[in-house]
Amino acid sequence: MGTITETHRDKLTVSGWIAPTEGRAKDRLQFRGERCRHTLPIPSFRAPQHGPFDQIRREIERSKRILQLEDDWDGQGSPRYSEEVWRRAIDCLLRYARYSLREGDSVIPTPRIDPGPEGSIDIHWKQQQFELLMNIPSDPNLPAGFYGDDYGHTKIKGKIKTDGINRGLLLWLVEHQ
């Protein structure tokens, strides 16, 4: 039996004893029971839990444009956005995404990451069934503000720390998707 000994980007390395296989050579590797070490390409499909992270990663990449905005980018005197605030917003989003998948075996929808007021960053989930806006302030000592609405039943509003998980907020987000 082979053992995956390392992975790197789009390849994995299998080491150990690999039993002979049957079938067409183009469908799978064929070995004759010898000790081996092979590097194989990872198939083009991904496990289902990786898809949402790919979407979130793309949104994070798109959001980097926020860092290019200059002072007064909106004509209203808004300050430029610091990388520190942007990183706190990204860390907060990824913390919720990872926790949701690890602890609840569920994935959060991909939000938009946009410039907010006064140098803050908005993480905004706007779906057909609900909306949740989390605002990460420019001051690291202030809590994030949030507002949620499921368009008819429940509205939530409050403040949360950005360096942890608010399970109630996460539950509301996952249940309303």
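This text goes with the structure placed above it.
Now for a quick tour of the structure. (Residues numbered from 1 in each chain as written. Predicted model: local features only at pLDDT ≥ 70, side-chain atom pairs only at ≥ 80, totals over all residues. Heavy atoms only, no water.)

### Describing the overall build of the protein chain
Step number 1: In terms of regular secondary structure, the protein chain is built from three helices and eight strands.
Step number 2: Listed N to C, the secondary structure of the protein chain is β-β-β-α-α-β-β-β-β-β-α in terms of helices and strands.
Step number 3: Per-residue burial over the protein chain gives 36% buried out of 177 residues. (Helix = DSSP H or I, 4+ residues; strand = E, 2+ residues; numbered from the N terminus. Buried < 20%, exposed > 50% of the residue type's maximum accessible area, 1.4 Å probe, protein only.)

### Observations regarding the packing of aromatic side chains
Step number 1: Scanning the entire structure with this criterion turns up two aromatic pairs.
Step number 2: Ring centres 6.1 Å apart and planes at 50° place the aromatic pair Trp73 and Tyr81 in the tilted group.
Step number 3: On the basis of relative accessibility, which here comes to 35%, the residue Trp73 falls in the partly exposed class.
Step number 4: With centroids separated by 5.9 Å and ring planes inclined at 85°, the aromatic side chains of Phe130 and Trp172 adopt a geometry described as edge-to-face. Of the two residues, Phe130 is situated in the loop between β5 (121-126) and β6 (131-136) and Trp172 in helix α3 (residues 167-175); the sequence distance between them amounts to 42 residues. (Phe/Tyr/Trp six-rings, centres within 6.5 Å; stacked < 30°, edge-to-face > 60°.)

### Quick word on the pairing of β5
Step number 1: As paired elements, strand β4 (residues 112-115) and β5 share four bridges and run antiparallel to each other. In the sheet register, Arg112 faces β5, and the bridge partner there is His124.
Step number 2: Between β4 and β5, which pair antiparallel in sequence order, lie five residues; one of them, Glu118, sits at a positive phi of approximately 55°.
Step number 3: For β5 and β6, the ladder comprises six bridges, and the chain directions are antiparallel. The residue of β6 that forms the bridge with Asp122 is Asn135.
Step number 4: Linking β5 to β6, which pair antiparallel, is a turn of four residues. (Pairing = 2+ DSSP bridges.)

### Observations regarding the nonpolar core
Step number 1: One finds Tyr96, Ile108, Trp125, Leu132, Met134 and Leu169 to be the most contacted residues of the largest nonpolar core, which totals 31 residues.
Step number 2: Elements with a contribution of two residues or more to this core: α1 (50-63), α2 (83-104), β5, β6, β7 (144-149), β8 (155-160) and α3.
Step number 3: Examining the composition of this core, we find that ten residues originate from one element, α2, more than from any other.
Step number 4: The contact partners of Trp125, leaving out residues within four places of it in the chain, are Leu93, Ile108, Pro109, Thr110, Pro111, Phe130, Glu131, Leu132, Met134 and Leu173. (Core = buried A, V, L, I, M, F, W, Y, C linked by side-chain atoms within 4.5 Å. Contact = heavy atoms within 4.5 Å.)

### Considering the packing of α2 against α3
The description of two helices packed together rests on the angle between their axes and the distance between the axes.
Step number 1: The contact between α2 and α3 brings their axes to 11 Å, and the two run at 75°. Here α3 runs roughly perpendicular to α2, going by the angle between their axes. Contacts from Tyr96, Tyr99 and Ser100 of α2 reach α3 at Arg167, Leu169, Leu170 and Val174.
Step number 2: Here the contact of α2 with α3 is composed, by residue class, of five nonpolar, one polar and one charged. (Axes fitted to C-alpha atoms, helices over the stretch in contact; angles between N-to-C directions. Parallel < 35°, antiparallel > 145°, perpendicular 65-115°, else oblique. Nonpolar A, V, L, I, M, F, W, Y, C, P; charged D, E, K, R; others polar.)

### Topic: the pairing of β6
Step number 1: Along β6, five of the six residues are buried, which leaves the element largely enclosed by surrounding structure.
Step number 2: When β6 meets β7, the two strands line up antiparallel, connected through five bridges. Bridging across to β7, Leu133 finds its partner in Tyr147.

### So, the pattern of salt bridges
Step number 1: Enumeration over the complete set of coordinates arrives at ten salt bridges.
Step number 2: Where Arg112 meets Asp114, a salt bridge forms, and the shortest distance between an N and an O atom there is 3.2 Å.
Step number 3: Its relative accessible area of 17% is what places Asp114 among the buried residues.
Step number 4: Residues joined in a network through salt bridges with shared partners are Glu59, Arg62, Arg65, Arg112 and Asp114. (Salt bridge = Lys/Arg side-chain N within 4 Å of Asp/Glu carboxyl O.)

### Here's the deal with α2
Step number 1: For α2, which comprises 22 residues, the first-to-last C-alpha distance of 31 Å matches the rise-based estimate of 32 Å (1.5 Å per residue) to within 8%.
Step number 2: Buried residues of α2: Val85, Trp86, Arg88, Ala89, Ile90, Cys92, Leu93, Leu94, Tyr96, Ala97, Tyr99 and Ser100, and no others.
Step number 3: Just beyond α2, the residue with positive phi is Asp105, at close to 50°. (Expected span 1.5 Å × (residues − 1).)

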